[in-house]
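Remarks on the overall topology
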Amino acid sequence: DVKVTQSSRYLVKRTGEKVFLECVQDMDHENMFWYRQDPGLGLRLIYFSYDVKMKEKGDIPEGYSVSREKKERFSLILESASTNQTSMYLCASRTQGARSTEAFFGQGTRLTVV
Amino acid sequence: AQSVTQLDSQVPVFEEAPVELRCNYSSSVSVYLFWYVQYPNQGLQLLLKYLSGSTLVKGINGFEAEFNKSQTSFHLRKPSVHISDTAEYFCAVSDRGQGAQKLVFGQGTRLTINP
């Protein structure tokens, strides 16, 4: 089975802290994604990566950065956490090109910024 | 750029009744289409997908969806729902091109099954 693992299910951080959300996949997928999920807004794409060290901004990248030093790991970084970044964060991975079909998701990290 | 609109934010139905969750998409290129389900406190799980071929696709748990290219729709249906179908459902679209392919989601539809 494909596995996408997010390092934490729940996190509580203080305003201004630097926050790292980690995601690891075991299927050698080229594409990895970070989404934010808020009630009534669905899943909004923050960043995605299509190869090691390659990244593209999604629809809401402000206040976030990402790192992909190894193919299996994709990190989301909140440089200075703010209360409006309190949300559920979902990581996903997917193959690329003609073989690409569905994305596989992690369990999510519920982040609360106080 | 693609976009997805789920026309109903909440759908309440009685157990054993039929249900349809509506999804419309916008894209300038050929697409793949997906429905995902999210049970409380869990990640997203694939229900079904349209890649090519028959426009009627069947998924898990008795769900099916029909791709309608002329109406740019991909509505999800189930003829008889169960309490366990209570969840949030997301429609998603991705283009078919080579290279990096974003997966764009709709706003979600919360399905509530009443006994």
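Preceding this paragraph is the structure being described.
About the thresholds
- Residues numbered from 1 in each chain as written.
- Chains lettered and ligands numbered in written order.
- Predicted model: local features only at pLDDT ≥ 70, side-chain atom pairs only at ≥ 80, totals over all residues.
- Heavy atoms only, no water.
- Helix = DSSP H or I, 4+ residues; strand = E, 2+ residues; numbered from the N terminus.
- Buried < 20%, exposed > 50% of the residue type's maximum accessible area, 1.4 Å probe, protein only.
- Contact = heavy atoms within 4.5 Å.
- Phe/Tyr/Trp six-rings, centres within 6.5 Å; stacked < 30°, edge-to-face > 60°.
- Buried area = accessible area lost by both parts, 1.4 Å probe.
- Salt bridge = Lys/Arg side-chain N within 4 Å of Asp/Glu carboxyl O.
- Pairing = 2+ DSSP bridges.
- Core = buried A, V, L, I, M, F, W, Y, C linked by side-chain atoms within 4.5 Å.

Quick look at the environment of Phe14 of chain B now. Residues and elements named next belong to chain B. By the secondary structure assignment, Phe14 is in strand S2 (residues 10-14). For Phe14, a relative accessible area of 57% gives the class exposed. Each C-alpha atom, one on Phe14 and one on Ile60, is 20 Å from the other, the two residues being 46 residues apart in sequence. In this structure Phe14 touches Val81, Ile113, Asn114 and Pro115, once residues within four positions along its chain are discounted.

Glancing now at the packing of aromatic side chains. Within the structure shown, the criterion is met by 13 aromatic pairs over all chains. A centroid spacing of 4.4 Å and a plane angle of 25 degrees characterise the contact between Tyr50 of chain B and Phe67 of chain B, whose relative ring orientation is stacked. Taken together, the residues Tyr50 of chain B in strand S6 (residues 44-50) and Phe67 of chain B in strand S8 (residues 64-68) connect sequence positions 17 residues apart. You'll find Tyr50 of chain B and Phe67 of chain B in the same group, each marked buried. Counting every residue linked through ring pairs, the aromatic cluster contains Phe33, Tyr35, Phe48 and Phe105 of chain A together with Phe34, Tyr36, Phe90 and Phe105 of chain B.

With that out of the way, let us pick up unusual backbone geometry. For Asp28 of chain A, which is not a glycine, the phi torsion comes out positive at approximately 60 degrees. Following the sequence through the fold, Asp28 of chain A ends up in the loop between strand S3 (19-25) and strand S4 (31-38). The phi dihedral of Thr72 of chain B falls on the positive side, at around 45 degrees, and the residue is not glycine.

Here we take up the interface of chain A and chain B. The partner chain B presents 23 residues to the 26 residues of chain A that form the contact. For the pair chain A and chain B, the two sides together bury roughly 2000 Å², of which 52% comes from carbon and sulfur. Put simply, chain A and chain B have 2 salt bridges between them. Glu102 of chain A is the salt-bridge partner of Lys49 of chain B, the closest N and O atoms lying 2.8 Å from each other.

On a regular strand, each side chain points to the face opposite its neighbour's, so the side chains alternate between the two faces of the sheet. Residues and elements named next belong to chain A. Where strand S5 (residues 42-51) and strand S6 (residues 54-57) come together, 3 bridges link them in antiparallel fashion. In the sheet register, Phe48 faces S6, and the bridge partner there is Glu56. Here S5 hands over to S6 after 2 residues, with Lys53 in that stretch at a positive phi of 65 degrees.

Turning next to the nonpolar core. Soluble globular proteins tend to bury their nonpolar side chains together. One finds Trp35, Leu48, Phe74, Leu76 and Tyr89 of chain B to be the most contacted residues of the largest nonpolar core, which totals 29 residues. Among all residues touching Leu48 of chain B, those that are not within four sequence positions of it are Leu33, Phe34, Trp35, Val57, Lys58, Gly59, Phe63, Glu64, Ala65, Phe74 and Leu76 of chain B. Counting residues in each nonpolar core, the second largest holds 20 residues, with Trp34, Tyr47, Phe74 and Leu78 of chain A among its members.

Here we take up the pattern of salt bridges. All names here are of chain A. Considering all chains together, one arrives at 13 salt bridges over all chains under this definition. For Glu79, the salt bridge goes to Lys18, with nearest N and O atoms at 3.6 Å. Highlighted residues: Glu79 in the loop between strand S8 (73-78) and strand S9 (87-94) and Lys18 in the loop between strand S2 (10-13) and S3, separated in sequence by 61 residues. Residue classification places Glu79 among the partly exposed positions, given a relative accessible area of 42%.

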